[in-house]
Amino acid sequence: EDQVTQSPEALRLQEGESSSLNCSYTVSGLRGLFWYRQDPGKGPEFLFTLYSAGEEKEKERLKATLTKKESFLHITAPKPEDSATYLCAVRSTGANSKLTFGKGITLSVRP
Amino acid sequence: EAQVTQNPRYLITVTGKKLTVTCSQNMNHEYMSWYRQDPGLGLRQIYYSMNVEVTDKGDVPEGYKVSRKEKRNFPLILESPSPNQTSLYFCASSPPSDGNQPQHFGDGTRLSIL
């Protein structure tokens, strides 16, 4: 059974204070690892897909990396508008190809 | 604008009163799915559909029904709602599930069953 564990559950940062969010996963075969951002009252918004160990993707202050067991979402010099819940999900190489989500990390960035 | 639209956004109802949550997407996606999101449990898949007239159970299908008569629509039906179905529901869609395309989500439907 696919499993995704995200840590920490919540993170409070000062504006400009860089940090990383962790996503550990267990799958029989990884088809893709996805990062989403979710704002209160909204649906998850797609950020990145990573397919294989060693891959990295960047978007503004966010950078996602992938190893064989975990993924990191690095946030460089965050701003208050980066405050949100960040979700990690995996899709395995099964016939269903459903997404298995972690419970999310709630990030708060103080001005 | 490419989007997944859910209705209603909020609903308070009573135990046993049948309800339907509609989901429509305008991206011509084959794959559609319903999730529920509960505190401490994250997003869990209820049902999914690989294409028209093809549906299957996800991880938590008990108490729900779905249908896929048209490509763009994927309604979620609660025949006899109970309080443990109080939750935040999301519909999602994507191109064929054998690809690696991300799922696009609606803005959610908050259901309260009294």
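Here goes a summary of the coordinates provided. From a predicted model like this one, the values you see are computed outputs, not experimental measurements. The residue numbers shown here count from 1 along each chain, following its written sequence. Whichever chain is written first becomes A and whichever ligand is written first becomes 1, with later ones labelled in order. Residue-level local features of this predicted model are given only where pLDDT is at least 70; pairs of side-chain atoms are given and counted only at 80 or more, and the full residue set underlies all totals for whole chains, interfaces and linings. By convention in this description, side-chain values take in all heavy atoms of the structure and omit both hydrogens and water.

## Overview of the sheet that holds strand 1 (residues 3-7) of chain A
Backbone-to-backbone hydrogen bonds join strands into a sheet, with any given pair of strands oriented parallel or antiparallel.
All names here are of chain A.
Then, number 1: When DSSP finds two or more bridges between two strands, those strands count as paired. Only runs of H or I of at least four residues qualify as helices and only runs of E of at least two qualify as strands under DSSP, and these elements are numbered from the N terminus. Taken in spatial order, the five strands make up an open sheet running 1-3-8-7-6, and their pairing is antiparallel. Of all the strands in the sheet, the pair left with one neighbour each is strand 1 and strand 6 (56-59). Taken pair by pair, the neighbouring strands of this sheet meet at an average axis angle of 15°, ignoring direction.
Then, number 2: The sheet contact formed by strand 7 (residues 62-66) and strand 8 (residues 70-75) spans five bridges and is antiparallel. Paired with Lys 63 across the two strands is His 74, which belongs to strand 8. Angles shown run from 0 to 180 degrees and are taken between the N-to-C directions of axes, each axis being a line fitted to C-alpha atoms and, for helices, limited to the stretch in contact.

## Observations concerning the pairing of strand 5 (residues 45-50) of chain A
All names here are of chain A.
Then, number 1: Of the pairings in the sheet, the one linking strand 4 (residues 30-38) to strand 5 comprises five bridges and is antiparallel in character. When the sheet's bridge partners are listed, Arg 37 is paired in strand 5 with Glu 45.
Then, number 2: Joining the antiparallel neighbours strand 4 and strand 5 is a turn of six residues, in which Gly 41 adopts a positive phi near 80°.

## Some words on the side chain of Thr49(A)
Then, number 1: Relative to the elements of secondary structure, Thr49(A) occurs in strand 5.
Then, number 2: For Thr49(A), a relative accessible area of 4% puts it in the buried group.
Then, number 3: Only heavy atoms enter the contact rule, under which two residues are in contact if any of them lie within 4.5 Å. Those residues in contact with Thr49(A), other than ones at most four positions away along the chain, are Leu33(A), Phe34(A), Glu55(A), Lys57(A) and Asn100(B). Only protein chains enter the calculation, and the probe is 1.4 Å; a residue is then buried if its accessible area is under 20% of its type maximum, exposed if over 50%, and partly exposed in between.

Honestly, that's just the spatial picture; any functional story needs more than this.
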